[in-house]
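# A structural walkthrough
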Amino acid sequence: MALLDIIVAPDPRLKKHAVPVERVDASTAKLMADMLETMYEAPGVGLAAPQVGVLKRIIVVDTVREGGAPQPRMMANPEILWASEETKPHEEGCLSLPDEYEMVTRPDRIKVRYLDEKNETRTIEADGLLAVVIQHEMDHLKGVLFVDHISGLKRSIILRRLTKQKKLSKSARRHALESA
Ligand code: NI
């Protein structure tokens with residue numbers, strides 16, 4: 001297994017659409033395992049392939065709380081079959097938008113069909129945090145970030161802050177190289 005680099009916003013690669021996986025073969029399963037390891041290491045509760053620069057419809061999720069037994073879900077071509085009319089606000093964050101959190105309102109319960117790491121079709125019903133994370137990760141597959149669900153003003157403040165941070169860390173790296 002290997003750790004992958006997570007792309008940080010703003011970045012045009014996070015705005016692209018991912019394409020479906022034809023079948024989950026050994027290399028897809030390897031990518032899923034690497035994504036899962038990267039997500040646990042971050043640490044995070046979900047990760048989508050476009051966040052590691054792979055434009056495929058793949059997400060990994062584990063919403064088990066600290067101390068609980070891991071419950072990894074690796075999903076290719078996830079598809080929402082049904083969503084509840086009832087919605088709920090939930091505070092969201094994203095490994096591609098470090099240290100930024102905002103309330104996002106989404107359907108409270110969903111039914112999702114996907115291909116697992118063995119290329120088997122599965123259907124699950126999710127609610128609470130799991131439903132939030134699956135919907136958040138599926139957004140990444142069409143180039144949508146959680147900040148696209150909030151007001152334009154809040155979004156631009158967050159993206160400006162992230163841009164500034166990127167410049168700072170780039171110049172810090174440069175200085176470290178120059179003084180090495
Ligand atoms: Ni995210």
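See the structure printed just above.
We now turn to the structure provided with this report. (Residues numbered from 1 in each chain as written. Predicted model: local features only at pLDDT ≥ 70, side-chain atom pairs only at ≥ 80, totals over all residues. Heavy atoms only, no water.)

### Quick word on a positive patch on the surface
A surface patch of positive charge is lined by Lys167, Lys170, Arg173 and Arg174. With respect to the helices and strands, Lys170 occurs in helix H3 (residues 152-178). Looking at Lys170, the relative accessible area reads 53%, which means it is exposed. (Patch = residues over 30% accessible without salt bridge, like charges linked within 9 Å, V, L, I, M, F, W, Y side chains within 5 Å. Areas by Shrake-Rupley, 256 points an atom, 1.4 Å probe, with all protein chains shown as cover. Salt bridge = Lys/Arg side-chain N within 4 Å of Asp/Glu carboxyl O. Lys, Arg positive; Asp, Glu negative; His and termini not counted. Charge placed at Lys NZ, Arg CZ, Asp CG, Glu CD. Helix = DSSP H or I, 4+ residues; strand = E, 2+ residues; numbered from the N terminus. Buried < 20%, exposed > 50% of the residue type's maximum accessible area, 1.4 Å probe, protein only.)

### With respect to the coordination of the nickel ion
The nickel ion binds to the protein through Cys94 (SG), His136 (NE2) and His140 (NE2); the donor distances cover 2.1 to 2.2 Å. Between consecutive donor residues of the nickel ion, the sequence gaps follow C-x41-H-x3-H. Residue His136 and its partner His140 are located together in helix H2 (residues 128-140), separated by four residues, close to a single helical turn. (Donors = N, O, S within 2.8 Å, 3.2 Å for Na, K, Ca; no water.)

### A word on the pairing of strand S6 (residues 109-115)
Sheet topology note: the strand S3 (residues 73-83)/S6 ladder contains five bridges and is antiparallel. Looking at the pairing, Ala83 lines up with Ile110 of S6. Here S6 pairs with strand S7 (residues 121-127) via seven bridges, running antiparallel. What sits directly across from Arg113, in S7, is Thr123. (Pairing = 2+ DSSP bridges.)

### Some details on the side chain of Asp62
Secondary-structure assignment places Asp62 in the loop between strand S2 (58-61) and S3. Although Asp62 is buried, it forms no salt bridge, and the closest oppositely charged side chain is Arg73 at an N-O distance of 6.5 Å. A distance of 2.5 Å separates polar atoms of two side chains, one belonging to Asp62 and the other to Tyr40. A distance of 3.0 Å separates a polar atom in the side chain of Asp62 from the backbone nitrogen of Val64. (Polar contact = N/O pair within 3.5 Å; in protein donor to acceptor, adjacent residues only side chain to side chain.)

### Here we look at the pattern of salt bridges
One side chain can pair with another of opposite charge once the charged atoms of both are near each other. Using the criterion set out here, one finds 11 salt bridges in the structure. Put simply, Lys30 and Asp34 hold a salt bridge, and the shortest N to O gap is 2.7 Å. Taken together, the positions of Lys30 and Asp34, both in helix H1 (residues 26-41) and four residues apart, correspond to about one turn of that helix. Given the relative accessible area of 5%, Asp34 is considered buried. The salt bridge involving Arg113 is made with Glu79; its shortest N-O contact spans 3.3 Å.

### Here's the deal with H1
Given 3.6 residues per turn, any residue in an α-helix points the same way as the ones three and four places further on. The end-to-end C-alpha distance of H1 is 22 Å, a good match for the 22 Å that 16 residues give at a rise of 1.5 Å each. For H1, the secondary structure elements touched by its buried residues are strand S1 (46-48), S2, S3 and S6. (Expected span 1.5 Å × (residues − 1). Contact = heavy atoms within 4.5 Å.)

### Section: the environment of Ser156
Inspection of the secondary structure puts Ser156 in helix H3. A polar side-chain atom of Ser156 sits 3.0 Å from the main-chain carbonyl oxygen of Leu153.

### Brief notes about the nonpolar core
Within the largest apolar cluster, 16 residues are counted, with the highest numbers of intra-cluster contacts made by Ile59, Val61, Met75, Ile110, Ile124, Ala126 and Ile134. Among the secondary structure elements, those contributing two or more residues to this core are S2, S6, S7 and H2. Counting residues per element, this core draws most heavily on H2, which supplies five residues. Residues contacting Ile124, with those up to four places away along its chain left out, are Arg73, Met75, Ile110, Lys111, Val112, Tyr114 and Ile134. By size, the runner-up hydrophobic cluster in this structure holds 15 residues, among which are Leu31, Met32, Met35 and Leu47. (Core = buried A, V, L, I, M, F, W, Y, C linked by side-chain atoms within 4.5 Å.)

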